[in-house]
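# Notes for the structure review
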Amino acid sequence: MTCRSCRQLPKEELQWILATDEVYGFLNQSNISPGNISRLHDLAAINHPPLQTLRSIVLEIATVTPRKRRRWKILPDKYPDLFQRIVESELFDHILDELVVFDPQKYEEE
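Scope of this entry: the structure provided in the associated data block. Since the structure is predicted, the reported quantities are computational estimates derived from the model, not experimental observations. Position labels on residues start from 1 in each chain and follow its written sequence. Only residues with pLDDT of 70 or above have their local features reported here, since the model is predicted, and side-chain atom pairs are shown and tallied only from 80 upward, although totals for entire chains, interfaces and linings are computed over all residues. The basis for every side-chain value is the complete set of heavy atoms in the structure, and neither hydrogens nor water enter the calculation.

Take the pattern of salt bridges next. By convention in these notes, a salt bridge is any Lys or Arg side-chain nitrogen within 4 Å of a carboxyl oxygen on Asp or Glu. In this structure the tally under the stated criterion is two salt bridges. With a shortest N-O distance of 2.8 Å, Arg39 and Glu22 are connected by a salt bridge. Remark: Glu22 occurs in helix 2 (residues 11-28) and Arg39 occurs in helix 3 (residues 34-42); sequence separation between them is 17 residues. With a closest N to O distance of 2.1 Å, Glu60 and Arg85 form a salt bridge. Here the residue Glu60 occupies a position in helix 4 (residues 49-64), and Arg85 occupies one in helix 6 (residues 80-89), the gap between them amounting to 25 residues. Accessibility expressed as a relative area gives 33% for Glu60, which makes it partly exposed. Secondary structure counts use DSSP, requiring at least four H or I residues in a row for a helix and at least two E residues in a row for a strand, with both numbered from the N terminus. Burial here depends on accessible area, computed with a 1.4 Å probe over protein chains only, as a share of the maximum for the residue type. Under 20% is buried, over 50% is exposed, and the range in between is partly exposed.

What follows is the structure, given as structure tokens:
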């Protein structure tokens, strides 16, 4: 359901806004299912570079840690390269800011 002002946006803009919300929503699920992964592949059709970056990172996260439990503790320990890309993308800052285990100084560029 979209609000009145959102319905007045151009179709392409509304499409990528809704898709972005959908992709972030996958991270809040207890399990990113094969159906969700299929949907992430389908979203490749939307031509919006920030959305494609977000989509590809979430797809990788879904592949290595599909379960939500301890996802953000497992990623830096077992998948440091992926976690480094997550930090550098700045698309997940709102999630990383809430993590107690995240030390931003450890991942600053040298």
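Picking up where we left off.
What follows concerns the side chain of Asn36. Structurally, Asn36 is set in helix 3. When residues no more than four places from it in sequence are discounted, the contact partners of Asn36 are Phe26, Gln29 and Asn31. The criterion used for residue contact is that any of the two residues' heavy atoms lie within 4.5 Å.

A positive phi angle, near 65 degrees, is found at Arg70, a position not held by glycine. Tracing the chain through its elements places Arg70 in the loop between helix 4 and helix 5 (71-78). In this structure, Glu90 is a non-glycine residue whose phi angle is positive, near 60 degrees. The topology assignment puts Glu90 in the loop between helix 6 and helix 7 (93-96).

Let us look at helix 5. Within helix 5, the full set of buried residues consists of Arg71, Trp72, Leu75 and Pro76. Angular distribution of buried residues about the axis of helix 5 spans 125 degrees; they occupy a single face of the element. Facing away from the buried side of helix 5 by more than 90 degrees, the exposed set consists of Asp77 and Lys78. In the core, the buried residues of helix 5 are packed alongside helix 2, helix 4, helix 6 and helix 7. The arc refers to the directions leading from the helix axis to the C-beta atoms.

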